[in-house]
Amino acid sequence: MTRDPLAGANADGADAGGANAAGADGAAATWRKHAGIRPRPQLFGKVAATRGWLHAVPTGAKLGCIAAIGIVALIFRDPVINWSIFAVLVIVGFTARLRLSYFLRTWLYVAVLVTIVMALQYFFGSLQSGLAVGGTVFACVQAALLLTLTTTVAQLLDAFTVLVSPLRFFGANTEAIALTASLMVRAISHISGLLGEAERAARARGLDSSIKARVVPAILRSVKYAQDTGRALDARGIVD
């Protein structure tokens, strides 16, 4: 049985094309890595990759638990109760397959603030009040971490839309309110990315100590982003 030369040439060409495409993708990835192009920071909704049972809990239930934790911590102001709530929330996070690395950095930042507050409370009040404040802060921060690690931005915005829906009886445009919240979340993440890019660009030019070189480009690009967003909404007839 003879082989068709034309079919063989087509197969060889397809293989070469696939190899060239793979090489182009690899070259593009290498260029992005060396060029310093980074993805936008995920300030909200950075969901943990490993899914646990807490991911499946409705967003409204999680928000309700956070509200209840905050109310209990503020009403009782007891260090034993507040630190116990924090310990329970940590155990809940571990049972939901959330790793310790997800919490450590935030705990370190909060520990610095809590240490300062506790020192002030010790000198101007009492150690018990300082421990109560520290437990309240840690409990509320841990609850917020569990929410953001197991809930996407889309789910949070959907829950926000449901929460503001009763305002339509007072003549409020709930769709516009939900859209505003969505744009705000997106804008915060975008502007944070612009600040990072401006800082890296200033560092590349040897202007690390120049606040103008780090801030002005980010401000100008933020204004342009706002104008582009407004024009896009106006073109679609979403806003008047």
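Only a predicted model underlies this, so the values are computations on that prediction, with no experimental measurement involved.

Looking only at helices and strands, the protein chain features eight helices and zero strands. If you list the helices and strands of the protein chain from N to C, you get α-α-α-α-α-α-α-α. Look at the contacts in the protein chain between residues 6 or more apart in sequence, and 70% of them connect residues 24 or more apart. Surface summary for the protein chain: the accessible area is close to 15900 Å², and the carbon and sulfur share equals 67%.

Turning our eyes to something else, we now look at the packing of aromatic side chains. Under the definition given, this model contains six aromatic pairs. For the pair Phe86 and Phe138, a centre-to-centre distance of 5.2 Å together with 65° between the ring planes defines the contact as edge-to-face. Linking Phe86 in helix α3 (residues 79-95) with Phe138 in helix α5 (residues 127-150), this pair joins segments that are 52 residues apart in sequence. Since its relative accessible area comes to 13%, Phe86 is described here as buried. Note on Phe94 and Phe103: the rings are 6.2 Å apart at their centroids and 50° apart in plane angle, and the pair reads as tilted. Connected via pairs of aromatic rings, a cluster forms that spans Trp83, Phe86, Phe94, Phe103, Trp107 and Phe138.

Next up on the list: the nonpolar core. Core analysis: the largest hydrophobic core is formed by 19 residues, its most contacted members being Phe86, Leu89, Leu98, Phe103, Trp107, Phe138 and Leu146. At six residues, α5 tops the list of elements feeding residues into this core. With residues near it in sequence (within four places) discarded, Leu146 still touches Leu54, Leu89, Val92, Gly93, Leu98 and Phe103.

Summarising the element assignment, Asn82 is placed in helix α3. When near neighbours in sequence (up to four residues on either side) are disregarded, Asn82 contacts Ala73, Arg77, Ala132, Gly135, Thr136 and Ala139.

Within the secondary structure, Thr136 is located in helix α5. Looking at Thr136, the relative accessible area reads 13%, which means it is buried. Polar contacts involving the side chain of Thr136 include one to the main-chain carbonyl oxygen of Ala132, which spans 2.8 Å. Excluding anything up to four places from it in sequence, Thr136 contacts Ala73, Leu74 and Asn82.

Structurally, the position occupied by Arg221 is in helix α8 (residues 211-235). Note: C-alpha distance between Arg221 and Leu195 (26 residues apart in sequence) is 9.6 Å.

Let us look at the pattern of salt bridges. On inspection of all chains with the given rule, the structure shows five salt bridges. A salt bridge links Glu199 to Arg203; the shortest N-O distance between them is 3.2 Å. Of this pair, Glu199 and Arg203 both sit in helix α7 (residues 174-204), four residues apart, which is roughly one turn of that helix. Residue Arg203 is classed as partly exposed on the basis of its relative accessible area of 44%. A salt bridge links Lys224 to Asp228, with the shortest nitrogen-to-oxygen separation between them at 2.9 Å. One end of the pair, Lys224, and the other, Asp228, are both in helix α8, four residues apart, so they sit about a helical turn from each other. The class of Lys224 is partly exposed, set by a relative accessible area of 48%. When its relative accessible area of 31% is taken as the criterion, Asp228 is described as partly exposed. Shared partners join several salt bridges into a network, and the residues in it are Glu199, Arg203 and Arg214.

Criteria and thresholds
Residues numbered from 1 in each chain as written. Predicted model: local features only at pLDDT ≥ 70, side-chain atom pairs only at ≥ 80, totals over all residues. Heavy atoms only, no water. Helix = DSSP H or I, 4+ residues; strand = E, 2+ residues; numbered from the N terminus. Contact = heavy atoms within 4.5 Å. Areas by Shrake-Rupley, 256 points an atom, 1.4 Å probe, with all protein chains shown as cover. Phe/Tyr/Trp six-rings, centres within 6.5 Å; stacked < 30°, edge-to-face > 60°. Buried < 20%, exposed > 50% of the residue type's maximum accessible area, 1.4 Å probe, protein only. Core = buried A, V, L, I, M, F, W, Y, C linked by side-chain atoms within 4.5 Å. Polar contact = N/O pair within 3.5 Å; in protein donor to acceptor, adjacent residues only side chain to side chain. Salt bridge = Lys/Arg side-chain N within 4 Å of Asp/Glu carboxyl O.

The analysis is restricted to geometry; functional conclusions fall outside its scope.
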